[in-house]
Structure formats: C-alpha cells, structure tokens
Number of protein chains: 2
Amino acid sequence: MSTFLIVEDDSLHRNFLREVIIASDLECTQLIEAADGEEAIRLVHEYAPKGVIMDLQMPKMTGVQAAKAIWAENPSMPIVFWSNYDDEAYVRGITKIVPPCATYGYILKTSSKERLRRSIQCVFLEGQNVIDREIRGVQQRSLGRSEGLTESEYEALLDITLGLTDQAIADRRKISLRSVQGRLQQLYGKLGLIEMPLLNGGAAEFNSRTRAVAVALMSRLINEKSIESAELDYRRSTGKES
Amino acid sequence: MSTFLIVEDDSLHRNFLREVIIASDLECTQLIEAADGEEAIRLVHEYAPKGVIMDLQMPKMTGVQAAKAIWAENPSMPIVFWSNYDDEAYVRGITKIVPPCATYGYILKTSSKERLRRSIQCVFLEGQNVIDREIRGVQQRSLGRSEGLTESEYEALLDITLGLTDQAIADRRKISLRSVQGRLQQLYGKLGLIEMPLLNGGAAEFNSRTRAVAVALMSRLINEKSIESAELDYRRSTGKES
DNA sequence: ATTATTTTTGCGGTTTCCCGCAATAAAATA
DNA sequence: TATTTTATTGCGGGAAACCGCAAAAATAAT
C-alpha cells in the first residue's frame, strides 16, 4: 500500500492534483492532504508517504522551507514542486537544499494536465528528476549582460533588502565594512545600475541601494517570500526573540 | 440576452467561476473569458457585457489597471474582483479608481462557493456593492500604533521603493527637498522604524530608507505588482521611452 | 611552484540621507 | 473671523553610503 501527500493551500488546485494523481497509475491507496507547510511536515512524520507533491507558495512557510524540513529527516523523499512561478529566488532555494539522493520535480502550474501526470510518473515511478524547461532557463539565466549573482552577492542583496546597514552586514557576515561595500558595488554593476549616463547635469536619479532592491524585485531575483524568510533567518541569528 | 465576462489567468479558477456564474440564476446567455487584462479590455469593447468578474493578479496588467481602463469607457460597468490577497496595495488601488456610479464587489478566493454565488447575485442583480469583511478591515487597518498612511506618504513610499533619490522625488512631486525628507520622516514614524532604542552602543542596525521598504512589503502595504505599476507610471511621467 | 584571477581591505573624498529645531504657509475647525 | 492643527520649508550638522584607486590576501589555474 502506498500513500501520497498533497500540500497545497488552494482547494481548487488541491482537487486538481488529487484527480491527476489518481489518474497516474501510481498504486496509490491513500491520499492525504495538507494546506500548509507545518501540517505537511507533521503528516510526513505520521504517515511516511511514498512521495510528496506540493505548492511552493503557501501561508506560514514556503514550500522550500517545508521541503528542507522534510528532507532533513527523510533525505530520499521524492518531492514534486508544483508552482506558479519561475522566480530565481525559489529555484535557487531548492537547488541549494536538495539532497544528492533525493528525486524531485519542478513543474509549472501552466503545464497541461497531461504533462503534469507524466512528470509525476517519472518522479514517483521512475525515480527521475524532472525539471520544466522554462525553469532550467532560470537556473542559469543571465541578468542583462552579466552572469548570475555570486552567493556572496545574493546574500548582500538580501541583506540590503532587509534594510540592514553596511555596518550591520559587515558584523553579520564577519567581513570588513569596505568589503561589504565592495560586494554591493559588484552587485550594482550586475544589476545594471551604473550605466545611466546622467544626461542632464542634474542630480542622480536613483539611489543605488534602494534601486537595487526594486530592480531585483522586478526581475524576480527575489520575491516577497524570500524577504520574509530572510527576515526570520536574521532574527534567529541575532536577538533570539521570536 | 446578457453576456458576462470572466477575467482570470488560472484555468482551474476560470472553470470554477464559470460554474458559479451558471449556478447564479443570472440570465446569462453568453459567457466570455479572458486570460489577461488586455484581452479583457478588448472583449468588453467588443461584447459590452452586463458585468465583469476578474482576478486582481494577472500577467501583463494588474486587475486594477484593467478595471481602470474599463471604467474609463464604461463608468457604470459592474465589476466583481475575486482575489487571493487582502493587500492594502490592491484595496487602495481600487477604491481610488472606482467611479461613483459603478457597482463592484471585492471577494476573497478563500470565500466559499456559496458566498461567492451570493455576492455575484448581489452585485449583478441587485446593484449592491459587496466587500468581504476581511477586506473592510484592511481599508482602515492601522499599522502598529499609528493610523494608515496619507496619500502623500504612500506616494513617498512608492517613490523610495522605486529607488528614487530625495532630489528626484522632490522634482517629481514638485516640492522642496526638505519636504520630501519631512514626508519620509513621517513615514518612518508610522512604520515604526524609530523606536529601536539602540541597545548596544553600536552603530544603527537598519537603514531607515531600505528598512521602510522591507517593512512595507512584509506588512503588505505594497506588493510586487504595485512596484511594477509605479515603475511604469514613473517612466511615463519622465522620459517617454517604453 | 608559478602565474593568473578574484576577493578583501584600507584610504580619502564626495554625495546623499537622516533628523532636530524652528519659522512660515496652508488647511481644517471652531 | 479667529484659532488650532497640519504640512512645507530652511538651516545645519552628524552619520551612512557611494566609489575610484591600489595594495594585500586568498583562490584558482597552469
């Protein structure tokens, strides 16, 4: 007997997933459902399902975080991520935490029912990793003329997005003040903030720091969820008040 | 004969809406659908439906913008917004553009089928305005100890979110540099940025400017979509390159 | 081991931001 | 109209941020 877990907050989508799984020729004898990450973790614990299929965007806890928790206990658990977005923030988050032995899939919600069904079969039956083509593009998408961001730069981006000062970042990352500024400089360059030739002799139009956040947000390098988890992360690493 | 228009990018939700409308005892003889704002505007033009029901979050164009365009030509068109979010950014956007003579509804996607059906009937049959209770809360929700933001302050918030410098804001809004800073000061206060007593004698932990953006984002005062439309707005008001 | 390449760091100077104090100007209220 | 309240502006100083230049340190490549 095999159990599968659906993690998805929208009930319409949950029903849809249920249908697809039933139609997938998995020998699925039990189907359990969770509406958010915490519940998912609990249910995995309790039922030890054969596989999980989950939305990335959920209340309380990102799918990425939930997956991390699940994999922490159960590194080989197959997980299919079914998401609306091709945000770099998500993809980066996942590829960073997927254990070598785990099989997983990343399917966009715009995919057809057929494609989703096939992908589910590939992951849960064949143990293959399946990543939608559109996503693979994101994995090494270059932003404008430059290549993607370094881990350091991405970190710095999150830090300024949180509103930290240079000094605070320096303390946190254990590097000098000037290094922080160096990384930011690098970041600004890659985000294409420095090219404006300042046509009119007037003052600068943009503040690099805040503009960087805006650009990153608009080009989906980061998103609201990633800000929230960065915030939690920061809180945990400093004052331990929840 | 009466026509209704569904505007929604997610096909599952579109099907759901179709079902509900059909079950609503509207004398609906024709049901047309659009997957994004532009298409919606076109279809309204072409079919002159009796009413529109639309998602707020869509590709290319926010529901708010689409509604604005529709109401510009057809100020009395009844529109039901069906949205995932109770973001202040959306609510503020809508209440700013709804014409006095228009009837509209704002229903959350978490509402039950029944409630949605009833709401649709109220709007399209009875010409009532229907706003989910959870939303009404947002309309004058107070942020922390303070009341909501002024229009000026909200504007300023968007401006710094875009990454504009104080000077650029001053130019744009036709006020002095110092006024901009005054408004920001006000904003920082309302966002609760100034209370940290700076426990350790160390340097400031947060940069007010960027921190304000982070806080606003996390408390849903603004969202990604509102940034994007603010960006367009700004571009249009200055260099007119698209 | 040696040579490239990248990162980190320091110095110094300019710009921008942050904000208290206080005088107008404008708007709301009595 | 008189009075309160609120918003705008100027002044001024201290704190961050921004950034070019260039040396030292750490990494990667040959």
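Computed from a prediction, not measured in an experiment: that's the story for all the values here.

S.K.: Please clarify how the packing of helix α7 (residues 151–162) of chain B against helix α11 (residues 224–237) of chain B should be interpreted in this entry.
M.R.: Residues and elements named next belong to chain B. Packing of α7 against α11 brings their axes to within 10 Å, and their N-to-C directions diverge by 85°. In this view, α7 runs roughly perpendicular relative to α11, as classed from their interaxial angle. Seen from α7, the contacting residues are L158, T161 and L162; seen from α11, they are S226, I227, A230, E231 and Y234. The class makeup of the residues in the contact of α7 with α11 is five nonpolar, two polar and one charged.

S.K.: Is there a simple way to explain the relation of the copies chain B and chain A in this structure?
M.R.: For these two chain copies, the linking operation is a rotation about an axis paired with a shift along it. Mapping chain B onto chain A calls for a screw motion: a turn of 180° about the axis and a shift of 0.0 Å along it, with 0.1 Å RMSD after fitting. Taken together, the rotation and translation describe the operation of a two-fold axis. For chain B, the smallest separation between a C-alpha atom and the rotation axis is recorded for T210 of chain B, amounting to 3.0 Å. A high fraction, 100%, of the interface residues of chain B reappear at the interface in chain A, so the copies pair face to face through one surface.

S.K.: Honestly, the interface of chain B and chain A in this entry has me stumped. Any pointers?
M.R.: Where interface size is given, it is often the accessible area lost as the parts come together that is meant. With 28 residues of chain B in contact, the opposing surface of chain A contributes 28 residues. Among the elements that line the side of chain B that touches chain A, the one with the most residues is helix α10 (residues 208–218) of chain B, at seven residues. Here the side of chain B that touches chain A is built from residues that sort into 14 nonpolar, eight polar and six charged.

S.K.: What is the right way to look at the protein's contact with DNA strand D in this model?
M.R.: Taken together, 22 residues sit near DNA strand D, with T165, D166 and R209 of chain A together with I175 and S179 of chain B positioned nearest. Of the residues in the surface near DNA strand D, the class split is six nonpolar, 12 polar and four charged.

S.K.: Help me out: how do you make sense of the sheet that holds strand β5 (residues 104–108) of chain B in this one?
M.R.: What holds strands together in a sheet is hydrogen bonding between their backbones, with the strands either parallel or antiparallel. All names here are of chain B. Reading across the sheet, the six strands line up as β2-β1-β3-β4-β5-β6 and stay open at both edges, with parallel pairing between neighbours. At either end of the open sheet lies a strand with only one pairing partner, and these are β2 (28–34) and β6 (130–131). Of the strand pairs in this sheet, strand β3 (residues 51–55) and strand β4 (residues 79–83) are connected by four bridges, and their pairing is parallel. Opposite V52, over in β4, you have I79 as the bridge partner. Packing against the sheet, helix α3 (residues 63–73) makes contact with β1 (2–7), β3 and β4, and its axis sits at approximately 160° to β3.

S.K.: What is the right way to read the environment of L56 of chain B from this model?
M.R.: All names here are of chain B. Tracing the sequence through the fold places L56 in the loop between β3 and α3. For the pair formed by L56 and I22, sequence separation is 34 residues and the distance between their alpha carbons is 21 Å. In this structure L56 touches T62, G63, V64, F81, S83 and Y90, once residues within four positions along its chain are discounted.

S.K.: Sorry, what's going on with the sheet that holds strand β2 (residues 28–34) of chain A here?
M.R.: Residues and elements named next belong to chain A. Read from one edge of the open sheet, six strands run β2-β1-β3-β4-β5-β6, paired in parallel fashion. At either end of the open sheet lies a strand with only one pairing partner, and these are β2 and β6 (130–131). Against the sheet, helix α3 (residues 63–73) touches β1 (2–7), β3 (51–55) and β4 (79–83), its axis set at about 160° to β3.

S.K.: So what exactly am I meant to see when it comes to the protein's contact with DNA strand C here?
M.R.: Around DNA strand C, a shell composed of 22 residues is seen, among which I175 and S179 of chain A together with T165, D166 and R209 of chain B lie nearest. For the surface near DNA strand C, the elements supplying multiple residues, two or more each, are α9 (177–190) of chain A together with α8 (166–173), α9 (177–191) and α10 of chain B. Broken down by class, the residue content of the surface near DNA strand C amounts to six nonpolar, 12 polar and four charged.

S.K.: Is there a simple way to explain the nonpolar core in this structure?
M.R.: As a rule of thumb, nonpolar side chains are buried together in soluble globular proteins. If you look at the biggest cluster of nonpolar residues, it comprises 126 residues, and the most contacted ones within it are L157 of chain A together with L157 of chain B. Those residues in contact with L157 of chain A that sit more than four places away from it in its chain are L149, L187, A212, A216, L221 and I222 of chain A.

S.K.: Explain the environment of Y106 of chain A here, please?
M.R.: All names here are of chain A. Take Y106: it is sitting in strand β5 (residues 104–108). Sequence separation between Y106 and S119 is 13 residues, and the spatial gap between their C-alpha atoms is 8.9 Å. Once you skip the residues sitting within four places of it in the chain, Y106 turns out to touch F81, I94, I131, D132 and I135.

Definitions and limits used
Residues numbered from 1 in each chain as written. Chains lettered and ligands numbered in written order. Predicted model: local features only at pLDDT ≥ 70, side-chain atom pairs only at ≥ 80, totals over all residues. Axes fitted to C-alpha atoms, helices over the stretch in contact; angles between N-to-C directions. Helix = DSSP H or I, 4+ residues; strand = E, 2+ residues; numbered from the N terminus. Parallel < 35°, antiparallel > 145°, perpendicular 65-115°, else oblique. Contact = placed C-beta atoms within 7 Å. Nonpolar A, V, L, I, M, F, W, Y, C, P; charged D, E, K, R; others polar. Least-squares fit on C-alpha atoms with pLDDT ≥ 70 in both. Near = placed C-beta within 6 Å. Pairing = 2+ DSSP bridges. Core = buried A, V, L, I, M, F, W, Y, C linked by C-beta atoms within 7 Å. Buried ≥ 20, exposed ≤ 12 C-beta atoms within 10 Å, placed from the backbone.

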